[in-house]
Amino acid sequence: IASEKTVMYPPDYPVSDTPTGRNSGALTNWFMLKPSVEVLDDILGVYKNTTFDPERGWDGQGVGDFPAEMGAKGILHHYYKVLHPEQAQLL
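Figured I'd write up the structure that's included with this text. Remember, it's a predicted structure, so these values are computed and weren't measured experimentally. (Residues numbered from 1 in each chain as written. Predicted model: local features only at pLDDT ≥ 70, side-chain atom pairs only at ≥ 80, totals over all residues. Heavy atoms only, no water.)

1. Quick notes on the sheet that holds strand β1 (residues 7–9)
Line of reasoning, step 1. Strand order in the open sheet formed by three strands is β4-β1-β7, with mixed pairing between adjacent strands. Looking at which strands have only one partner, the edges of the open sheet turn out to be β4 (32–33) and β7 (88–90).
Line of reasoning, step 2. Of the strands in this sheet, β1, β4 and β7 touch helix α2 (residues 72–83), which is tilted by about 120 degrees from β1. (Pairing = 2+ DSSP bridges. Helix = DSSP H or I, 4+ residues; strand = E, 2+ residues; numbered from the N terminus. Contact = heavy atoms within 4.5 Å. Axes fitted to C-alpha atoms, helices over the stretch in contact; angles between N-to-C directions.)

In structure tokens:
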């Protein structure tokens, strides 16, 4: 990625709901990530140690309410939208 950002991705919104920001995920079929063992370890640690609530999302931060919110789409969006927004470039 020719950028100081570590990841670039477009948000993925559900087709049946009005986009609210809360109900968006990472479009994982078009996700550009600079390779980094440290970032991978951090993402896995967040996934293993962060609680998920269907009403409140990941860590109660409101990132949820979309298909696959508990999987890669949800945790990656939480990681880069809530925890490390300075590292992400949304397309």
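2. Comments concerning the nonpolar core
Line of reasoning, step 1. Tyr9, Ile43, Tyr79 and Tyr80 are the most contacted members of the largest nonpolar core, which has 13 residues in total.
Line of reasoning, step 2. Breaking this core down by element, the ones donating at least two residues are β1, α1 (37–49) and α2.
Line of reasoning, step 3. By residue number, the principal contributor to this core is α2, which donates four residues.
Line of reasoning, step 4. Leave out the neighbours within four places in its chain, and isoleucine 43 touches Leu76, Tyr79 and Tyr80. (Core = buried A, V, L, I, M, F, W, Y, C linked by side-chain atoms within 4.5 Å. Buried < 20%, exposed > 50% of the residue type's maximum accessible area, 1.4 Å probe, protein only.)

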